[in-house]
Every structure is written in C-alpha cells, then in structure tokens.
Amino acid sequence: MDINKVIIIVLLLVAVVGYIRLYRHYRRNIKKVTFLFDAIDNGDFSFNFPTEKRFKEDKILHQSLNRIKLFLQHTREEQMEREKYYEQILNAVDTGILVVDSHDNILQHNQAALRLLDTDVLTHMNQVKGKLKDEHLAKHETQAMLKDKHVRIIALSDVSHELSNQEVDSWIKLIRVLTHEIMNTITPVTSLSETLLTRVTEDKDLKQGLETIHKTGTELLAFVNNYRRFTHVPQPQSALFYVEPFLERMALLCNHEVELEVSPKDLLVYADESLLSHVVTNLLKNAVEAFREKEREDKQECRSADLQSAASKKAFIRLKAYANAQESIIIDVSNNAGLIPEDVASHIFIPFFTTKPEGSGIGLSLSRQIMRVSGGSLSLHQDKAQGITTFRIIIP
C-alpha cells in the first residue's frame, strides 16, 4: 500500500475522531446552557457548575455560566423586591385598586379594594357588580397594556366621609341661620311680655295670656339654645389617657349592666376625654332607652311565646375597645335590644330627627359632630344575623 494513502487514511481517522470529540463537547456545552436557562425559567437557582479539577476550557465555560446565573438571580431578586415594595405601597393607600382583563377577570387587587367591597376574595367582576353601584364609592377607570394584554385599572374611593362632612356643613349653616332669626324674633317678645306682666295686676285674662306668651317664648329660646350647641362644639383639648378606666367610669354612669372588653389592657388614646365622655354617655343612654322601649312593646303585645323567647335571650350592653391595623382606636358600643329599621337608620344622624316622643333629635348628630371636630368618626353597624346594633367610634 502506498505510504501516501496510509497517511491520508490516518489523517482522516484522526479528523473523524477529533470531530466526534468536538461534537460531543459541543453537545455537552449546549446541554449545560439549556439546563441553565431551564432552571432559571423554573425559578431554581440552587445549582452551581463545578470549576475545580476541570480542563481550562471547561473551567472558563463553567465560570461564565455561574456568572450568568448570579447576574440573573440578582436581577430576579431585585424585581421581586420591587414587586413587594409596590405591593406594600398599594396596600398602604386607602384607595382600592383593581386590575381587570378583557374577560372581567380580576388579575390583581390591593387590601383597600377588599375592605371597600366588603369581601375576602376577588377573582371576577361579577362578584362585585352590585357593590360597585354604591353611591358612597367613587370609581375611576383607566385603560392600559399589561404583558401585551389590554387591561382596565379601576380605582375605588370611599366618599361617604366627604358626603357626611358636606351634609353636616349644610346642617350647620342652616341651623345657624334659623337660630339667629328665631333668637332675634323671640327675644324681644319674651322681654316685652315679662315687662308687661309687672304692670298688669287686675285683668286676669290678660295676665294669663302674657304669662303663656312669656313661658312659650322662654321654652322656645331654651329649645333654640339646645340646637346652637350643635354648631358650637368646642375645640378638642386632646391628651393621652388609658381607655379601660375611662370606660369603667362611663359604665358606672349607665343604669344597666355593661360588659367591658379592652384589648390590650393598657390601651391608650389621644383625645379630649370630656368630649369623648359626652359621646359614650349618650350612646349608653340610648342603649338603655332602647331596652326600656322594647320591654314596653313586649308588655303591650302580651305575646307569651315572644316574652319567653326574649327572656331566654340575655339582654346586654357591651363596650369593646381595641386598635385596628391603622393603629386607630376603636370603641364599639353594642346592644341586642333590636335592630334599628333601615328607614330610621338612614336618618338617625340628621339634626332634629327623632322617634322618641320627648326626644330633641340632637344627641346623635351632636355626638357625630364632636367626633368630626376631633378628627374621628361615629357610624352605625348592624348585625342582622345576631340582632346586634353597634355604634362605632373611631379615634385616629
């Protein structure tokens, strides 16, 4: 055999073996790169390519792959931190946020949205269609693109506090005008009738008429002065004090057994104790009167079965104080004397409105005005299932 042919064959064999080795090396490196990206795509960063006891080329490749892994891991961790940061920001605001796709699926929401829509889970707009029509919820909608998908971003705001403030301001203006005009009209009549009474001695009918005019005018002035209190709530003189001893004193003033629950025991509040005592005392008084009215109704109806049922259900007035997630102090004044009818509940904070024969209609409206001036709020909550009425005081 020709020596040249042998050499050519040997060279071809060497070339084939070299090609096979290079191809296998190439395939191993491709598998390593594929493994790297598959693991990263699955969020797995626990792997590491070995760099010890390796050929120089493999060591350089493994070091490079490890650097890519660390870079992508760092980028992913930064992205997750940003997402957590944005999520915390969204959950810290009072505005509810909903991100909704074209099929009305809720892709994302914050805690405020759950609170405003009074639900624990939000997955589809069908869950909250009725609640979105609430007049106390302001809705603002914008369009956006998210990962090449058309989405709607819905912002929800509770405007009930703003509506309440506007309503109260309107009542204050009206009461100021009315009291001013009534005082200006009645004061001269009362003064003149008092003067004429000192001069009339013989005509009994005239004297009796003047006395009636004077008494009616005096009572009307007292009535008007009572309503003037609603528009002249003093500025709060806030100070720190413990809630539990304060509520214990309020309970002692109530002519009824009161359950008391304060958590924690050393709960502190920064408020005007005198003004807050007026609010709590008024709410406790209303609760006691509700029980008395219920007892009168039960006796008048004389239904033995209902009376037995009412007797088996222990009547209670409960004072519960605690701090919410926003660190505001909550004081709940609850009773089970019966629910307030919806047509009455919608008007109970309006000045002059009352269902009591001798009521002035100023107690609850004045209490809410005190809380408003103090920067807090007073609201009504009713548990229809348990038959419990709760007036909630919130002190920021």
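Everything numeric in this text was worked out from a predicted model, so none of it was measured.

A.B. asks: So what's going on with the overall build of the protein chain? Residues and values would help.
C.D. replies: Secondary structure summary: the protein chain contains ten helices and eleven strands in total. Within the protein chain, contacts between residues separated by at least 24 positions form 60% of all contacts whose residues are at least 6 apart in sequence. Carbon and sulfur atoms form 55% of the exposed surface of the protein chain, whose accessible area is close to 26500 Å².

A.B. asks: Which residues make up the side chain of Ser334, and what are the values?
C.D. replies: Note that Ser334 resides in strand β9 (residues 329-335). Of note is the side chain of Ser334, whose polar atom sits 2.8 Å from the side chain of Thr390. Excluding residues within four positions of it along the chain, Ser334 makes contact with Phe316, Ile317, Arg318, Ile388, Thr389 and Thr390.

A.B. asks: Give a detailed account of the environment of Lys32, specifying residues and quantitative values.
C.D. replies: Relative to the assigned elements, Lys32 resides in helix α1 (residues 3-41). Lys32 sits in the buried class, given a relative accessible area of 18%. In sequence terms Lys32 and Leu61 are 29 residues apart; their C-alpha atoms lie 9.5 Å from each other. Those residues within four positions of Lys32 in sequence are excluded, and the remaining contacts are Phe49, Asp58, Leu61, His62 and Leu65. Engagement of the side chain of Lys32 in a polar contact is seen with the side chain of His62, the distance being 2.6 Å.

A.B. asks: Please give an account of the sheet that holds strand β2 (residues 106-109) that cites residues and values.
C.D. replies: The sheet built from four strands is open, its strands ordered β2-β1-β4-β3 with antiparallel pairing. Looking at strand neighbours, the two that pair on one side only are β2 and β3 (137-146), the edges of this open sheet. Neighbour-to-neighbour, the strand axes of this sheet turn through a mean angle of 20°, independent of strand direction. When strand β1 (residues 96-101) meets β2, the two strands line up antiparallel, connected through three bridges. By the bridge assignment for β2, Leu98 is matched with His109.

A.B. asks: Please give an account of the packing of aromatic side chains that cites residues and values.
C.D. replies: One pass over the structure, following the stated rule, counts five aromatic pairs. Between Phe35 and Phe47 the ring centres are 5.3 Å apart and the planes differ by 75°, which places this aromatic pair in the edge-to-face class. Of the two residues, Phe35 sits in helix α1 while Phe47 sits in the loop between α1 and α2 (56-92), which places them twelve residues apart along the sequence. Accessibility expressed as a relative area gives 9% for Phe47, which makes it buried. Within the aromatic cluster, the residues linked to one another by ring pairs are Phe35, Phe47 and Phe49. It is Lys69 that lies over the ring of Phe47; its NZ or CZ is 5.5 Å from the centre.

A.B. asks: Give a description of the pattern of salt bridges that names residues and reports values.
C.D. replies: Here the structure, examined in full by the defined rule, presents eight salt bridges. Of the charged contacts in the structure, one is a salt bridge between Asp104 and Arg152, with a shortest N-O distance of 2.6 Å. Here Asp104, found in the loop between β1 and β2, pairs with Arg152, found in strand β4 (residues 149-158); they are 48 residues apart in sequence, far enough to count as distant. For Arg152, the salt bridge identified is with Glu141, shortest N-O distance 3.5 Å. With Arg152 in strand β4 and Glu141 in strand β3, this pair connects stretches of sequence that are eleven residues apart. Judged by relative accessible area, Glu141 falls into the partly exposed class, the value being 33%. Here the salt bridges share partners, and the residues they tie into one network are Asp104, Glu141 and Arg152.

A.B. asks: Kindly report on the pairing of β3, identifying the contributing residues and their values.
C.D. replies: Bridge analysis of β3 against β4 gives ten bridges, and the strand direction is antiparallel. Note on β4: the bridge partner recorded for Met145 is His150. Taking the residues that link successive antiparallel strands as the turn, the β3-β4 hairpin has two residues, and the phi of Lys147 there is positive, at about 55°.

A.B. asks: How would you summarise a nonpolar patch on the surface if you had to cite specific residues and measurements?
C.D. replies: On the surface, a cluster of nonpolar side chains totalling about 520 Å² of accessible area is made up of Ile3, Val6, Ile7, Val10, Leu11 and Val14. Along the polypeptide, Val6 turns up in helix α1. Residue class for Val6 comes out partly exposed when judged on its relative accessible area of 30%.

The rules we used
By convention here, each chain's residues receive numbers from 1 onward along its written sequence. Where totals are concerned, whole chains, interfaces and linings use all residues; where local detail is concerned, this predicted model gives features only for residues with pLDDT of at least 70, and gives and counts side-chain atom pairs only at 80 or more. With hydrogens and water excluded, all non-hydrogen atoms of the structure serve as input to the side-chain values. Secondary structure elements are defined from DSSP: runs of H or I of at least 4 residues count as helices, runs of E of at least 2 residues count as strands, and each element is numbered from the N terminus. By the convention used here, residues are in contact when the closest approach between their heavy atoms is within 4.5 Å. Residue exposure ignores everything except the shown protein chains as possible cover, and the areas themselves are Shrake-Rupley values with a 1.4 Å probe. N or O atoms closer than or at 3.5 Å make up a polar contact, with two conditions inside protein: a donor-capable atom paired with an acceptor-capable one, and, for residues adjacent in sequence, both atoms drawn from side chains. When accessible area is computed with a 1.4 Å probe and restricted to protein chains, residues below 20% of their type maximum are described as buried, those above 50% as exposed, and intermediate ones as partly exposed. A pair of strands counts as paired when DSSP detects no fewer than two bridges linking them. Convention adopted: a line fitted to C-alpha atoms gives each axis, helices being fitted over their contacting stretch, and angles between N-to-C directions are expressed from 0 to 180 degrees. Two rings belonging to Phe, Tyr or Trp (six-membered ring only in the last case) form a pair when the distance between their centres is within 6.5 Å. Interplanar angles under 30 degrees mark stacking, angles over 60 mark edge-to-face geometry, and anything in between is tilted. In this scheme, the term charge over a ring applies when either NZ of a lysine or CZ of an arginine sits within 6 Å of the ring centre and within 35 degrees of the ring normal. For salt bridges, the criterion is a side-chain nitrogen of Lys or Arg within 4 Å of an Asp or Glu carboxyl oxygen. Candidate patch residues must exceed 30% relative accessible area and have no salt bridge, after which like charges are joined if within 9 Å and Val, Leu, Ile, Met, Phe, Trp or Tyr side chains if within 5 Å.

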